[in-house]
Amino acid sequence: MAAEEEGLTGPGETRPAPGPGPGGEPAPAAPRSVPELMLGRPPMARPLPTFDAEAAPAEPGPLFVDWLATALHAGVPDPQVFTLSTVDADGLPDARVLVLRDVDAAGTGWVFSTAADSPKGRQLADHPAAALTVYWPQLGRQVRVRGTVERAADQVAGAEFATRSPAARIGALVGRQSEPLASPAEYEEAVAVARRRLEATPDAVAAGHAVYTLWAHEVEFWQGDAERHHVRLRYTRTGPVRTPEWSRTLLWP
Ligand SMILES: Cc1cc2nc3c(=O)[nH]c(=O)nc-3n(C[C@H](O)[C@H](O)[C@H](O)COP(=O)(O)O)c2cc1C
């Protein structure tokens, strides 16, 4: 049975057949299930940094930026990419990956941008709360942020739009994020139209382009350990959003 028929590869993808080993011995059978694929591969089985939670700063923002910089220097690919979780009108959770644009100076607001008329934009309009999760595998570090979400003024979104690459601006000008697409050709046509529009009006801003800030209510730093002596530190905001105070709590792993 072909790998694709077994559901182990996607349509159009092929997996190379296992060939004989260097000595001509038969190659091991290809793994057939998730447990088999993952056998002998426990997560975080590598040297990891330590985290002295008791010496952590009073606020989560500087610690997040410090961990992000460490991830960057450790060669984590795309360390600024995070998962944003929202809930839809039925209370069903939804999640997708986005790019982190900034952490505000007070270290309380995590900034991202997207289309306000996308599913996530509509979910945030209905229910302005979200969770952000990031995992940096090379360091065995996870950060979780929960809080309320605020959409910035259009002027802020316009200024942010101008900082984006032409390709990103064209993509946003195309719009219709997550709508059903009739064919790849339909998309290519829309891209060509958006490209011509950007050439004619370089300061064009995509309708509905929006910048959001996730104002943290809780931020948790999680340092993994191969022996499961994970270290967890949770910050909980006690003061107002823009002039926060934080309490710190160690958590059982
Ligand atoms: C690495 C990566 C970065 C992404 N960054 C963004 C982003 O910054 N903004 C955005 O709207 N979508 C981004 N996306 C696409 C989203 O994951 C998602 O497909 C899209 O926003 C539609 O989500 P929605 O249907 O929940 O609204 C990114 C995807 C990946 C894989």
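Residues numbered from 1 in each chain as written. Predicted model: local features only at pLDDT ≥ 70, side-chain atom pairs only at ≥ 80, totals over all residues. Heavy atoms only, no water.

*Asks:* Just checking my understanding: could you explain the environment of Ser247 for this structure?
*Replies:* Assignment of secondary structure puts Ser247 in strand E9 (residues 246-251). Taking the relative accessible area as the measure of exposure, Ser247 reaches 30% and is therefore partly exposed. For Ser247 and Glu188, which are 59 residues apart along the polypeptide, the C-alpha to C-alpha distance reads 51 Å. (Helix = DSSP H or I, 4+ residues; strand = E, 2+ residues; numbered from the N terminus. Buried < 20%, exposed > 50% of the residue type's maximum accessible area, 1.4 Å probe, protein only.)

*Asks:* For this particular structure, what's the right way to read the confidence of the model for the protein chain?
*Replies:* In low-pLDDT segments, the atomic positions of the prediction should not be examined closely. In this model, the protein chain carries an average pLDDT of 90, and 91% of its residues clear a pLDDT of 70 or more. Taken as a whole, residues 1-14 scores under 50 in pLDDT and shows 16 contacts with residues more than four places along the chain or in a different chain. (pLDDT = per-residue confidence, 0-100. Contact = heavy atoms within 4.5 Å.)

*Asks:* Mind showing me how you'd approach the pattern of salt bridges here?
*Replies:* Oppositely charged side chains are able to pair whenever their charged atoms sit close together. Taken as a whole, this structure holds nine salt bridges when the rule is applied. A salt bridge links Glu179 to Arg176; its shortest N-O distance comes to 2.9 Å. With a shortest N-O distance of 2.8 Å, Glu220 and Arg232 are connected by a salt bridge. With Glu220 in strand E7 (residues 209-223) and Arg232 in strand E8 (residues 231-237), this pair connects stretches of sequence that are twelve residues apart. Residue classification places Glu220 among the buried positions, given a relative accessible area of 5%. What emerges from the salt-bridge pattern is a single network uniting Arg101, Glu160 and Arg164. (Salt bridge = Lys/Arg side-chain N within 4 Å of Asp/Glu carboxyl O.)

*Asks:* Hey, could you run me through the environment of Pro240 in this one?
*Replies:* Locating Pro240 in the fold gives a position in the loop between E8 and E9. Owing to a relative accessible area of 52%, Pro240 belongs among the exposed residues under this scheme. It is 18 Å that separates the C-alpha atoms of Pro240 and Ala130, two residues lying 110 residues apart in sequence.

*Asks:* Is there a simple way to explain the side chain of Thr213 in this structure?
*Replies:* If you trace the backbone, Thr213 turns up in strand E7. When near neighbours in sequence (up to four residues on either side) are disregarded, Thr213 contacts Gly109, Trp110, Val111, Thr148, Val149 and Glu150.

*Asks:* Just to check I follow, could you spell out unusual backbone geometry for this structure?
*Replies:* A negative phi angle is the norm for most residues apart from glycine, just as the trans form is the norm for most peptide bonds. Residue Met44 is not a glycine yet carries a positive backbone phi of 70 degrees. Positive phi, normally seen in glycine, also occurs at Arg228, with a value near 70 degrees. Relative to the helices and strands, Arg228 resides in the loop between E7 and E8.

*Asks:* Help me out: how do you make sense of the site of the ligand in this one?
*Replies:* Of all residues adjacent to the ligand, which total 13 residues, the nearest are Arg96, Val97, Thr114, Lys120 and Ser178. Here an oxygen atom of the ligand and a side-chain polar atom of Thr114 are 2.6 Å apart. Separating an oxygen atom of the ligand from a side-chain N or O atom of Ser178 is a distance of 2.5 Å. When the ligand sits alone it has 620 Å² of accessible area, and the protein chains cover 65% of it. Of all the elements in the fold, those that place two or more residues in the shell around the ligand are strand E2 (93-99), strand E4 (109-115) and helix H3 (119-126). Counting residues per element, the shell around the ligand draws most heavily on E2, at four residues. Tallied by class, residues from the shell around the ligand come to five nonpolar, five polar and three charged. (Near = heavy atom within 4 Å. Polar contact = N/O pair within 3.5 Å; in protein donor to acceptor, adjacent residues only side chain to side chain. Areas by Shrake-Rupley, 256 points an atom, 1.4 Å probe, with all protein chains shown as cover. Nonpolar A, V, L, I, M, F, W, Y, C, P; charged D, E, K, R; others polar.)

*Asks:* Where do I start with the UniProt feature "domain: Pyridoxamine 5'-phosphate oxidase N-terminal" (unreviewed entry) in the protein chain in this structure?
*Replies:* The UniProt record marks residues 71-188 with the feature "domain: Pyridoxamine 5'-phosphate oxidase N-terminal" (unreviewed entry), using the residue numbering of this structure. The span residues 71-188 is 29% helical and 36% strand by assignment, and the distance between its end C-alpha atoms comes to 36 Å. (UniProt positions renumbered as here; feature names shortened; annotations may be inferred.)

*Asks:* When you look at the nonpolar core in this model, what are you seeing that I'm missing?
*Replies:* One broad trend across soluble globular proteins is that nonpolar side chains are buried collectively. Counting 34 residues, the largest nonpolar core has Phe64, Trp110, Phe112, Trp136, Val143, Val219 and Phe221 as the members making the most contacts within it. Sorting the residues of this core by element identifies helix H2 (60-73), strand E1 (81-87), E4, strand E5 (129-136), strand E6 (141-151), E7 and E8 as the ones contributing at least two each. Take this core: its biggest share by element is six residues, from E7. Non-local contacts of Phe221, meaning those with residues more than four positions away in its chain, are made with Phe51, Pro60, Leu63, Phe64, Trp67, Gln142, Val143, Val231, Arg232, Leu233 and Tyr235. Judged by nonpolar contacts, the second largest core, of nine residues, contains Phe161, Leu173, Val174 and Ala194. (Core = buried A, V, L, I, M, F, W, Y, C linked by side-chain atoms within 4.5 Å.)

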